[in-house]
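Architecture and fold: a report
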Amino acid sequence: MGETMLSRKLTAIAAAVVTAGAALFAGDAAATPARTTAVTYTYDFDNLDDVVQHDDGGTSGYWVDKNGTVVRSGSTAARFRIRSFNSAGKPWIQWYYSNPQQSSALPVEISFYVRSSSGGSANAWNAAAYAGTANPHSDSGSPSAGWQYQSITHTANTWAKYTFTTTVNTLSQSELDVAVGIAATWPATRTYYVDDVVVKVG
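We now turn to the structure provided with this report. (Residues numbered from 1 in each chain as written. Predicted model: local features only at pLDDT ≥ 70, side-chain atom pairs only at ≥ 80, totals over all residues. Heavy atoms only, no water.)

1. Regarding the pattern of salt bridges
Counting across every chain of the model gives 2 salt bridges. In this structure, Asp65 and Arg79 form a salt bridge, with 2.8 Å as the shortest nitrogen-oxygen distance. Pair noted here: Asp65 is in strand β3 (residues 63-67) and Arg79 is in strand β4 (residues 77-83), with a separation of 14 residues, a long-range link. With a relative accessible area of 24%, Asp65 lands in the partly exposed category. Asp196 serves as the salt-bridge partner of Arg72, at 2.7 Å between the closest nitrogen and oxygen. With Arg72 in the loop between β3 and β4 and Asp196 in strand β11 (residues 189-201), the pair connects residues that are 124 residues apart, well separated along the chain. By relative accessible area, Arg72 is classed as partly exposed at 39%. (Salt bridge = Lys/Arg side-chain N within 4 Å of Asp/Glu carboxyl O. Helix = DSSP H or I, 4+ residues; strand = E, 2+ residues; numbered from the N terminus. Buried < 20%, exposed > 50% of the residue type's maximum accessible area, 1.4 Å probe, protein only.)

Quick look at the structure:
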């Protein structure tokens, strides 16, 4: 009889420990923020709506269009024609994503390929990318918050990949903006081609 009572007490204690443990883990799970699910967007410039041109050069000759002469995949690529004789400039293409995932540090990765007939060190010519919750803007070529730059150094007529990573505070924000471009501060005229843009959010 005593052994039976002891056995029942031990069983009850074990059940209480398991129940408390389950409650503890449930509390931990509730306190942990939901993980962000990554979403990937790809742009090969073969669609009608995947080029939105902007520039901050303030000089004629900065423009972006689509061209089928030099492509990495598909039938067209974005062509950047840049004149920086009088001032620095940065033509870019941008995209908007409405109602982004809400996070204080939303991961964003932007990658794209660049090609030009010019090779080697490109002086102050840079591949540029932007991620933020405001429309990208830069006065007279000066970097603004959210823009990143990588010096373009590559072999002529060869596609080179550039990858940018950052985090963006999207809490209470209704829009996420990303952009890719070519920034120039060297007095010359050049044409660059950009293709296969991949934007990974989350």
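2. Observations concerning the nonpolar core
Phe80, Trp95, Phe112, Ile182, Val194 and Val197 are the most contacted members of the largest nonpolar core, which totals 35 residues. Elements supplying a minimum of two residues to this core: β4, β5 (92-98), β6 (106-116), β7 (120-132), β9 (160-168), β10 (175-183) and β11. (Core = buried A, V, L, I, M, F, W, Y, C linked by side-chain atoms within 4.5 Å.)

3. A look at empty space enclosed by the protein
Counted by the stated rule, this structure contains 1 cavity of 30 Å³ or more. For the largest cavity, the calculated volume is near 40 Å³. Around the largest cavity sit Val108, Ile110, Ala129, Tyr130, Ala131, Gly146, Gln148, Phe164, Thr165 and Thr166, which together line it. Elements with a minimum of two residues in the lining of the largest cavity: β6, β7 and β9. Partitioned by chemical class, the residues of the lining of the largest cavity number 6 nonpolar, 4 polar and no charged. (1 Å grid on protein atoms, 1.4 Å probe; cavity = no way out; pocket = protein on both sides within 12 Å on 5 of 7 lines; lining within 4 Å. Points joined across faces, edges and corners; volume = space filled by probe spheres on them. Nonpolar A, V, L, I, M, F, W, Y, C, P; charged D, E, K, R; others polar.)

4. Looking at unusual backbone geometry
Note: most peptide bonds trans; most residues except glycine with negative phi. In this structure, Asn99 is a non-glycine residue whose phi angle is positive, near 50 degrees. For Asn99, the location among the structural elements is in the loop between β5 and β6. Unusually for a residue other than glycine, Asp196 sits at a positive phi of about 55 degrees.

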